[in-house]
Amino acid sequence: MQPEAGRRLPLILPPGQAIIGNMGSAGVIPCSEGVPSVVILIRKRHLAYGLLLCCFVAGLSAVLWHGNAAFTAAFAPEAPPALTVVVDAGHGGEDGGAVAGDGTVESGLNLAIARRVRDLLTFAGVPTAVTREGEAAIYDPGSATLREKKVSDLHNRVELVNAIPGAVLLSIHQNSLPSSPSTQGAQVFWNRQAGAESLAASIQEALNTAVNAGHEKKAAQVPSSVYLMKEITAPGVLVECGFLSNAGETERLKDPAYQTRLAAAIASGLLTGLTT
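Structural notes, computed from the coordinates. Along each chain, the written sequence defines residue order, and numbers are assigned to residues from 1. Totals for whole chains, interfaces and linings use all residues, but because this is a predicted model, local features are given only for residues with pLDDT of at least 70 and pairs of side-chain atoms are given and counted only at 80 or more. Values shown for side chains rest on all heavy atoms present in the structure; no hydrogens or waters enter the calculation.

### Side note on the overall build of the protein chain
- In this description a helix means any DSSP run of H or I spanning at least four residues, a strand means any run of E spanning at least two, and both kinds are numbered starting from the N terminus. On a plain count of helices and strands, the protein chain comes out with 8 helices and 10 strands.
- To sort residues, take the accessible area from a 1.4 Å probe on protein chains only and compare it with the maximum for the residue type: under 20% means buried, over 50% means exposed, and anything in between is partly exposed. The proportion of buried residues among the 276 residues of the protein chain is 38%.
- A contact between two residues is defined here by any heavy atoms of the two lying within 4.5 Å. When contacts within the protein chain are restricted to residue pairs at least 6 apart in sequence, long-range pairs at least 24 apart make up 72% of them.
- Exposure was quantified through the Shrake-Rupley algorithm and a 1.4 Å probe, taking into account, for residues, occlusion by the shown protein chains and nothing else. In the form shown here, the protein chain has an accessible surface area of approximately 15100 Å², with 60% of it arising from carbon and sulfur atoms.

Below, the structure is given as structure tokens:
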């Protein structure tokens with residue numbers, strides 16, 4: 001049965017839902033021959049999520065559109081890239097690196113965080129390369145002993161970085177200091193190549209804000225004993241993401257959400273450092 005012309009009927013909405021449609025003056029929905037014009041019911045919380053998503057996309061688009069050369073590269077593939085960030089997941093294969101008290105091995109954490117950093121930089125339009133794609137190290141097939149494999153792996157990483165024009169090395173590691181199990185926090189180190197110190201300082205600032213609250217650290221020059229950082233001819237930074245000797249920090253480092261938080265801070269600090 002159609003309502004009489006000019007008659008107003010109440011519209012009862014289920015709890016938690018809102019109207020998306022053609023609402024006339026005084027809150028009246030216009031009708032044509034007794035049939036309401038377009039009316040869509042949507043849960044209010046879904047509407048809020050949708051609005052937040054639209055705001056995020058709009059903000060990201062503005063950053064990408066008005067951003068720096070690193071961001072703009074995504075929209076100008078015909079232009080030769082000025083740099084390539086080589087994301088290095090430290091250790092790998094038989095060389096697991098540091099080991100936490102619960103048996104957590106450094107190399108797996110390095111790879112998980114490095115992949116996230118690589119994905120974020122790629123999304124931002126920054127050309128990237130990696131030293132290892134999976135769990136295995138990159139030593140030569142003829143390497144037999146663990147020492148030979150580690151030496152070969154490091155040599156190959158140096159050659160890989162030095163062969164890429166405009167390379168910037170970003171090496172991901174975990175720290176350990178069993179003599180001080182309360183020590184925690186992420187710290188960045190730089191090599192002696194031009195531009196590395198400012199990059200490290202920028203990444204350190206981002207990490208202090210994101211994950212080091214109450215345990216802020218200063219970026220420092222990497223010890224000369226770190227072969228990879230010493231032998232490459234490109235600017236390089238090494239990020240020690242946390243201490244596996246600290247049980248609480250180890251638990252955080254194993255959390256995928258925390259790994260993403262670390263990666264976002266590292267990528268943000270790197271992009272800032274590359275453009276200032």
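### Looking at the packing of helix α3 (residues 106-123) against helix α8 (residues 256-274)
- In this analysis an axis means a line fitted to C-alpha atoms, helices contributing only their contacting stretch, and an angle means the value between N-to-C directions, from 0 to 180 degrees. With their axes 8 Å apart at the nearest point, α3 and α8 run at an angle of 50° to one another. For the element pair α3 / α8, the angle class is oblique. Viewed along their axes, α3 and α8 form a crossing whose handedness is right-handed. Side by side, α3 and α8 meet where Leu109, Ala112, Ile113, Arg116, Val117, Leu120 and Leu121 of the first sit next to Pro256, Gln259, Thr260, Leu262, Ala263, Ala264, Ile266, Ala267, Leu270 and Leu271 of the second. Relative orientations are named as follows: roughly parallel for angles under 35 degrees, roughly antiparallel for angles over 145 degrees, roughly perpendicular for angles from 65 to 115 degrees, and oblique for any other angle. Here a crossing is taken to be left-handed if its near helix is turned anticlockwise relative to the far helix by less than a right angle, and right-handed if that turn runs clockwise.

### Details of the sheet that holds strand β5 (residues 84-89)
- Across the sheet, which stays open at both edges, the 6 strands sit in the order β6-β5-β7-β10-β8-β9 with mixed pairing between neighbours. Across the chains shown, the open sheet's two edge strands, defined by having one partner strand only, are β6 (128-130) and β9 (220-221).
- Across 2 bridges, the pairing between strand β8 (residues 187-190) and β9 is parallel. From the neighbouring strand, tryptophan 190 faces β9, where its bridge partner is glutamine 221.
- Taken strand by strand, helix α5 (residues 196-210) contacts β7 (167-175), β8 and β10 (236-243), and its axis lies near 175° from that of β8. Here, any two strands with at least 2 DSSP bridges between them count as paired.

### Things to note about α5
- Helix span, as expected, comes to 1.5 Å for every residue beyond the first. In this model, α5 (15 residues) spans 21 Å end to end at C-alpha, consistent with the 21 Å of a helix rising 1.5 Å per residue.
- Residues Ala196, Leu199, Ala200, Ser202, Ile203, Gln204, Ala206, Leu207, Asn208 and Ala210 constitute the buried set of α5.
- Residues of α5 that are buried make contact with β7, β8, β10 and α8.

### Section: the pattern of salt bridges
- The rule for a salt bridge is simple: a side-chain nitrogen of Lys or Arg has to be within 4 Å of a carboxyl oxygen of Asp or Glu. Applying the stated criterion to the full structure yields 8 salt bridges.
- Across the pair glutamate 94 and lysine 149 runs a salt bridge, and its minimum N-O distance is 2.7 Å. Here glutamate 94, found in the loop between β5 and α3, pairs with lysine 149, found in helix α4 (residues 146-162); they are 55 residues apart in sequence, far enough to count as distant.
- Among the residues examined, lysine 149 registers a relative accessible area of 17% and is labelled buried.
- Among the salt bridges present, the one from arginine 157 reaches aspartate 153, with a minimum N-O distance of 2.8 Å. Pair noted here: arginine 157 and aspartate 153 are both in helix α4, with a separation of 4 residues, about one helical turn. Each member of the pair, arginine 157 as well as aspartate 153, is classed as buried.
- Where salt bridges share partners, they join Asp88, Asp153 and Arg157 into one cluster.

### What to know about the packing of α5 against α8
- The geometry of α5 relative to α8 is characterised by a closest axis approach of 7 Å and an angle of 145° between their N-to-C directions. The element α5 and its partner α8 pack so that their crossing is right-handed. Across the interface between the two elements, Leu199, Ser202, Ile203, Ala206, Leu207 and Ala210 from α5 touch Arg261, Leu262, Ala265, Ile266, Gly269, Leu270, Thr272, Gly273 and Leu274 from α8.
- Under this grouping Gly is polar, as are all residues other than the nonpolar Ala, Val, Leu, Ile, Met, Phe, Trp, Tyr, Cys and Pro and the charged Asp, Glu, Lys and Arg. Class assignment of the residues belonging to the contact of α5 with α8 gives a composition of 10 nonpolar, 4 polar and 1 charged.

### Here we look at the side chain of serine 107
- Within the secondary structure, serine 107 sits in helix α3.
- Here serine 107 falls in the buried class, since its relative accessible area comes to 6%.
- Serine 107 has contacts with Gly90, His91, Gly92, Asp95, Gly96 and Arg132, leaving out every residue within four places of it along the chain.

### With respect to unusual backbone geometry
- Located in the positive-phi region is histidine 91, a residue other than glycine, with phi close to 65°.
- Looking at the element boundaries, histidine 91 is found in the loop between β5 and α3.

### Here we look at the environment of arginine 192
- You can see arginine 192 is positioned in the loop between β8 and α5.
- Residue arginine 192 is classed as exposed on the basis of its relative accessible area, which comes to 67%.
- A sequence separation of 42 residues divides arginine 192 from alanine 234, and the C-alpha atoms of the two residues are 9.2 Å apart.
- Among the polar contacts listed, one links the side chain of arginine 192 to the side chain of glutamine 221, at a separation of 3.4 Å. Definition of a polar contact: a pair of N or O atoms within 3.5 Å, with one able to donate and the other able to accept a hydrogen when the atoms are protein atoms, and with sequence-neighbouring residues admitted only if both atoms are side-chain atoms.

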